[in-house]
Amino acid sequence: MAEHIVSSYDNDLQGLRQRISEMGGIAEKMLVESIAALVRHDKALAQNVVISDKRLDVLQREVEESAILTIARRQPLAVDLRETISAIRISGDVERIGDMAKNIGKRALAIGDDFQPQKIVVGLQHMGDLVLGQLKDVLDAYAQKDTEKALDVWKRDGAIDALYTSLFRELLTYMMEDPRNISFCTHLLFCAKNIERIGDHTTNIAETVHYLVTGETLAIDRPKNDRSIDTTVATGV
């Protein structure tokens, strides 16, 4: 993709990229810390995640305002317009990823020192690691304008859905075995769902990268392996 001939417009685009890069770094850190807070019962770390979301919100607003101002001033065409529109889309997805990480942090605070089944904790950690890998890779794909890497992230999301379904079933089993498990299992269930939703946002970003580079939207359906609804119906919950 060729650089724009107007240097001031290039500066505008570079400013958008830098803000999104900062947002991505914050979102990655929030995800790592939220999972760690949940696993280690670390309330201070969980609180830090909640606080970090404010900076992400500020940056997302700055990206939107800057992109809109750029469109108004430069009246870009074709690939240049796609870049500004993509910046708005991606910043929105990264901001939502931060919201999901913040929600996990809040759940970690609510759970406190309550018992957590080791199998579930390991599953949540593994799910978090997979999603973190997707987030890192898709942000790299955006920075490098690499459609192949973006599509790889897009294809991997089905594994996250399958793991979420497995954890969902496991948590339902714990709740049905003993009503005393319902409270903390509900919190863990929401944590698992938030991690799964972060995976969805990484695939949104992957689709945007594909659009940015090619000018076309993906013509095939996203791979989905979330069977939690089927499980709910089958168990009558």
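Above this text is the structure in question.
Residues numbered from 1 in each chain as written. Predicted model: local features only at pLDDT ≥ 70, side-chain atom pairs only at ≥ 80, totals over all residues. Heavy atoms only, no water.

**Some words on the overall build of the protein**
And step 1. Broken down by element type, the protein carries seven helices and zero strands.
And step 2. Considering the protein as a whole, with its 237 residues, one finds that 49% of them fall into the buried category.
And step 3. Within the protein, contacts between residues at least 6 apart in sequence are counted, and of these 84% link residues at least 24 apart.
And step 4. As displayed, the protein offers around 11,300 Å² of accessible surface, 53% of which is attributable to carbon and sulfur atoms. (Helix = DSSP H or I, 4+ residues; strand = E, 2+ residues; numbered from the N terminus. Buried < 20%, exposed > 50% of the residue type's maximum accessible area, 1.4 Å probe, protein only. Contact = heavy atoms within 4.5 Å. Areas by Shrake-Rupley, 256 points an atom, 1.4 Å probe, with all protein chains shown as cover.)

**Section: the packing of aromatic side chains**
And step 1. On inspection of all chains with the given rule, the structure shows one aromatic pair.
And step 2. Ring geometry for Y164 versus F168: centroids 6.0 Å apart, planes at 55°, classification tilted. In this pair, Y164 and F168 both sit in helix α5 (residues 147–177), four residues apart, roughly one turn of the helix. Of the two residues examined, Y164 and F168, each falls in the buried class.
And step 3. R89 extends its terminal NZ or CZ atom over the ring of Y211, reaching a point 4.6 Å from the ring centre. (Phe/Tyr/Trp six-rings, centres within 6.5 Å; stacked < 30°, edge-to-face > 60°. Lys NZ or Arg CZ within 6 Å of the ring centre and 35° of its normal.)

**Here we look at the environment of R169**
And step 1. Secondary-structure assignment places R169 in helix α5.
And step 2. In this structure the C-alpha to C-alpha distance between R169 and L189, which are 20 residues apart in sequence, comes to 9.8 Å.

**A look at helix α1 (residues 7–40)**
And step 1. For α1, built from 34 residues, the straight-helix expectation of 50 Å at 1.5 Å per residue is met to within 8% by its first-to-last C-alpha distance of 49 Å.
And step 2. A positive backbone phi angle near 60° is found at H41, which sits one or two residues after α1. (Expected span 1.5 Å × (residues − 1).)

**Observations concerning the packing of α1 against helix α4 (residues 118–144)**
And step 1. Contact pair α1 / α4: the axes reach a minimum separation of 10 Å and the direction vectors enclose 175°. The orientation of α1 relative to α4 falls into the category roughly antiparallel. The segment α1 lies against α4, with R17, I20, G24, A27, E28, L31, V32, I35, L38 and V39 engaging V121, L124, Q125, G128, V131, L132, L135, K136, L139 and Y142.
And step 2. Split by residue class, the contact of α1 with α4 holds 14 nonpolar, three polar and three charged. (Axes fitted to C-alpha atoms, helices over the stretch in contact; angles between N-to-C directions. Parallel < 35°, antiparallel > 145°, perpendicular 65-115°, else oblique. Nonpolar A, V, L, I, M, F, W, Y, C, P; charged D, E, K, R; others polar.)

**Examining the side chain of H187**
And step 1. Assignment of secondary structure puts H187 in helix α6 (residues 182–214).
And step 2. Not counting residues up to four positions away in its chain, the partners in contact with H187 are R107, A110 and I111.

**Comments concerning the nonpolar core**
And step 1. Counting 63 residues, the largest nonpolar core has L38, V94, L124 and L188 as the members making the most contacts within it.
And step 2. Of all the secondary structure elements, the ones that give two or more residues to this core are α1, α2 (43–74), α3 (78–111), α4, α5 and α6.
And step 3. For this core, the element with the most residues is α1, which contributes 13 residues.
And step 4. L38 has contacts with I104, A108, I111, Q116, L124, L188 and C191, leaving out every residue within four places of it along the chain. (Core = buried A, V, L, I, M, F, W, Y, C linked by side-chain atoms within 4.5 Å.)

**A word on the side chain of D93**
And step 1. Positionally, D93 belongs in helix α3.
And step 2. R197 provides the closest opposite charge to the buried, unpaired D93, separated from it by 7.1 Å. (Lys, Arg positive; Asp, Glu negative; His and termini not counted. Salt bridge = Lys/Arg side-chain N within 4 Å of Asp/Glu carboxyl O.)

**Brief notes about the environment of S34**
And step 1. You can see S34 is positioned in helix α1.
And step 2. Setting aside residues no more than four positions away along its own chain, S34 makes contact with V49, A101, I104 and G105.

**Brief notes about the packing of α3 against α6**
And step 1. Where α3 contacts α6, the axes come no closer than 9 Å and their chain directions differ by 170°. When the axes of α3 and α6 are compared, the pair comes out roughly antiparallel.

**Considering α2**
And step 1. An ideal rise of 1.5 Å per residue puts 46 Å on 32 residues; α2 measures up with 47 Å between its terminal C-alpha atoms.
And step 2. When α2 is considered as a whole, its buried residues turn out to be L45, A46, V49, V50, D53, L56, L59, Q60, V63, S66, A67 and T70.
And step 3. Buried residues along α2 sit against α1 and α3.
And step 4. Among the residues of α2, the N-terminal cap falls to D42, whose side-chain oxygen and the backbone nitrogen of A44 are separated by 3.2 Å.
And step 5. Immediately downstream of α2, the backbone of Q75 shows phi near 45°, a positive value. (Polar contact = N/O pair within 3.5 Å; in protein donor to acceptor, adjacent residues only side chain to side chain.)

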